[in-house]
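# Breakdown of the fold
So the chains spell out like this:
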Amino acid sequence: MKFTVAIDGPAAAGKGTIGRAVAAHFGFAHLDTGLLYRAVGMRALEDGRGILDPHWAATIARRLRPEDLEVPGLRSAVAGRAASKVAALPEVRKALLKFQRDFARREGGAVLDGRDIGTVICPEAEVKLFVTASDEVRAERRWRELGGDYEAVLADVRARDRRDSERAAAPMRMAADALLLDTSDLTIDAAVAEAVAHVQSRFDAVRDRP
Ligand code: CDP
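So, here is what we can say about the structure in this document.

What follows concerns helix α7 (residues 135-146). Side chains that are three or four residues apart share a direction in an α-helix, a result of its 3.6 residues per turn. Over its 12 residues, α7 runs 16 Å from end to end, which matches the ideal 16 Å to within 8%, given 1.5 Å per residue. Burial in α7 covers these residues: R138, A139 and R142. The arc that holds the buried residues of α7, viewed along the axis, is 100°, so those residues lie on one side. Its buried side turned inward, α7 meets α2 (34-47) and α8 (150-166). A positive phi of about 75° marks G147, the residue just after α7.

Of all residues adjacent to the ligand, which total 18 residues, the nearest are R38, R93, R142, R160 and D164. Within the side chain of R142, a nitrogen or oxygen atom sits 2.6 Å from an oxygen atom of the ligand. The protein chains hide 97% of the 530 Å² of surface that the ligand would expose on its own. Looking at the shell around the ligand, the elements with two or more residues in it are α2, α4 (77-86) and α8. When residues of the shell around the ligand are assigned to their parent elements, the largest contribution, 3 residues, is made by α2.

What follows is about the sheet that holds strand β4 (residues 127-132). Strand order in the open sheet formed by 5 strands is β2-β3-β1-β4-β5, with parallel pairing between adjacent strands. Strand pairing shows two members of the sheet lacking a second neighbour, β2 (29-32) and β5 (179-182), which therefore form its edges. Along the sheet, successive strands turn relative to each other by an average axial angle of 20°, direction set aside. Note: strand β1 (residues 4-8) against β4, 4 bridges, orientation parallel. Its bridge partner being in β4, I7 is matched across the sheet by L129. On the sheet, helix α5 (residues 90-104) packs against β1, β2 and β3 (110-114) and is oriented at approximately 140° with respect to β3. The strands touched by helix α9 (residues 188-207) are β1, β4 and β5; relative to β4, the strand with the most contacts, the crossing angle is about 165°.

Here is what the cut-offs are and how they apply
- Residues numbered from 1 in each chain as written.
- Predicted model: local features only at pLDDT ≥ 70, side-chain atom pairs only at ≥ 80, totals over all residues.
- Heavy atoms only, no water.
- Helix = DSSP H or I, 4+ residues; strand = E, 2+ residues; numbered from the N terminus.
- Expected span 1.5 Å × (residues − 1).
- Buried < 20%, exposed > 50% of the residue type's maximum accessible area, 1.4 Å probe, protein only.
- Arc of directions from axis to C-beta.
- Contact = heavy atoms within 4.5 Å.
- Near = heavy atom within 4 Å.
- Polar contact = N/O pair within 3.5 Å; in protein donor to acceptor, adjacent residues only side chain to side chain.
- Areas by Shrake-Rupley, 256 points an atom, 1.4 Å probe, with all protein chains shown as cover.
- Pairing = 2+ DSSP bridges.
- Axes fitted to C-alpha atoms, helices over the stretch in contact; angles between N-to-C directions.

As structure tokens, this is what we get:
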């Protein structure tokens, strides 16, 4: 059975944590699509050319291998910034589209988290969640994860959100049929419980469909 859970939302909103927990609960496969852009961004940064040359960045994206997602440092702020730069390039997004679409519609269920999953990658997803939290809460979570200067982390999160939502190619947007999950005042367990309950209700509805 094909069953896609699309989780979108701004930086450090908790999409990954919720996505992993939902996938584990239902036995679905999980893809953190941010890692694809982070891997392309890091490669582009390393060779210097991809950040300036959209064709080369797209070539890097087409050549991406599963082991490239295991490279250390992909969760860093540097990788996040590089990711949001290459993610604004339509050619790069195009190069990564089929892999994500195929993953979403694989048999046995899939959870994908990112920015454009419910709007562009899989508009037919059975469940769409838009996970968010206040800028300050998100920056604090990221700061606890990565350390550094809190004000700099906050500025970084805001700059990335702006770039992600204002770009022309697949901007970050909440799909009209998505459930908004604001995790500002929720514990991880409470946020996961809400997400699981929503997915369960959609799963039951799809399964019972004649
Ligand atoms: O973990 P965090 O929410 O900070 O970021 P991420 O999900 O790893 O994504 C890193 C960057 O990749 C984002 O700021 C976006 O620019 C880009 N991205 C995207 O454009 N589309 C996606 N589906 C996922 C990530």
